[in-house]
Amino acid sequence: MARIHELVELLKQAPDEVFVQPHNVPDPDAIASSFGLSQLLAKLGVPTVVVYEDEIEKANSVTMLRAFGIDMRHSAEVHTLGSEDWTVLVDVQKDNSNLTNLVTDEVACIDHHQYNGPKGYRFEDVRPEVGSCSAIIAQYYQEADVEPSPSVATALVYGIFMDTDNLTRGVNSLDIDMFYWLYRHVDIALINDLKANQITRADLHDYARAFETVEVYGEIGFLRLENANDSLLGAASDIVITISGVNVVVSYSIRESGIKYSTRSVTPSVNAGALVRAIVDGHGIGGGHNSMAGGFIKATAMPNDRSVDTFTRVRAVGFVERTKSE
Ligand SMILES: [Mn+2]
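Residues numbered from 1 in each chain as written. Predicted model: local features only at pLDDT ≥ 70, side-chain atom pairs only at ≥ 80, totals over all residues.

**What about the sheet that holds strand β1 (residues 18-22)?**
Here six strands make up an open sheet; going across it, the order is β3-β2-β1-β4-β5-β6 and the pairing parallel. Only two strands of the sheet have a single partner each, and these edge strands are β3 (72-74) and β6 (123-126). The average angle at which neighbouring strand axes cross in this sheet is 30 degrees, direction not considered. When β1 meets strand β2 (residues 49-52), the two strands line up parallel, connected through two bridges. Counterpart to V20 in the pairing with β2 is V50. (Pairing = 2+ DSSP bridges. Helix = DSSP H or I, 4+ residues; strand = E, 2+ residues; numbered from the N terminus. Axes fitted to C-alpha atoms, helices over the stretch in contact; angles between N-to-C directions.)

So, in structure tokens, the structure goes:
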């Protein structure tokens with residue numbers, strides 16, 4: 001039986017409502033995957049509501065909701081959320097730092113990040129080798145023999161583009177195949193509209209200040225953002241990695257709650273996920289893909305014997321030197 005039919009059979013047994021939940025501060029891939037899955041489940045007889053936590057920060061995410069008429073509710077607005085409800089996690093797994101555990105029962109998980117191990121899901125489809133969660137959802141449409149609507153197809157293609165940096169970063173043949181399969185349903189004018197609404201003027205100001213902080217040690221670029229939002233951290237890293245001679249990027253932002261890290265690597269000898277784990281080792285959590293990853297250290301767990309800048313540089317440079325000498 002196709003995976004989507006297995007999921008439908010499971011969700012039909014739900015005692016009450018079924019929710020679809022992406023990671024907190026949902027990005028375009030998380031939004032497209034949740035939207036696409038929710039629409040497909042509706043066609044197959046399972047109504048769902050998409051809920052999220054935190055904020056929708058980035059301009060292109062906000063534009064997506066408007067352009068595609070996507071209905072996502074902040075969990076605080078959903079008064080019926082209860083322990084009898086079921087949730088399908090999308091683009092995230094239980095125990096990730098960027099997921100708020102709601103009172104519902106997380107019965108299913110569909111993700112493309114590093115596998116966190118079994119968490120008692122009754123349906124699980126975690127494929128770290130795939131570049132985007134959107135490609136996995138597109139394949140569900142294909143396997144169910146359901147044509148995606150132009151809105152769904154366009155959102156999924158945009159999700160694939162964003163998570164794979166236009167089919168160049170961490171890309172898998174499934175991302176390419178699904179791009180090709182979705183393409184005939186896509187509204188290219190909408191993609192261009194999204195590309196033209198990626199950042200706000202306030203973001204530009206934050207970028208400008210962040211780029212002033214860039215320091216390069218050998219092939220590693222470091223960038224520090226002051227209290228910026230999550231999506232900006234990754235987006236700024238994507239620009240620093242394009243500096244000639246820089247193959248690895250470590251960026252971090254210091255907030256009241258702690259330090260948020262984002263890493264990038266375009267060299268096969270440095271794994272971005274292993275790098276971020278080496279940086280936070282013993283203090284926080286981190287993980288991700290070969291080419292991109294993230295981590296977090298709580299403010300209370302921060303070593304106070306040296307500055308965050310020194311701590312981060314010593315650990316990152318040490319890790320890269322060790323892996324190069326092996
Ligand atoms: Mn994703």
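**Regarding unusual backbone geometry**
Although it is not a glycine, V25 sits at a positive phi angle of roughly 50 degrees. Owing to 18 C-beta atoms within 10 Å, V25 belongs among the partly exposed residues under this scheme. The backbone of N166 shows a phi angle near 55 degrees, a positive value even though the residue is not glycine. Relative to the helices and strands, N166 resides in the loop between α5 (150-163) and α6 (173-183). On the basis of neighbour count, N166 is assigned to the exposed category, with 10 C-beta atoms found within 10 Å. (Buried ≥ 20, exposed ≤ 12 C-beta atoms within 10 Å, placed from the backbone.)

**Examining the sheet that holds strand β11 (residues 285-288)**
Here we have six strands laid out as an open sheet, ordered β7-β8-β9-β10-β12-β11, and mixed in their pairing. Two strands lie at the open edges of the sheet, namely β7 (215-217) and β11, each paired on one side alone. The sheet shows a mean angle of 15 degrees between the axes of neighbouring strands, direction not considered. Judged from the seven bridges that link them, strand β9 (residues 248-254) and strand β10 (residues 258-265) form a sheet pairing that is antiparallel. Following the sheet pairing, I254 is matched in β10 by I259.

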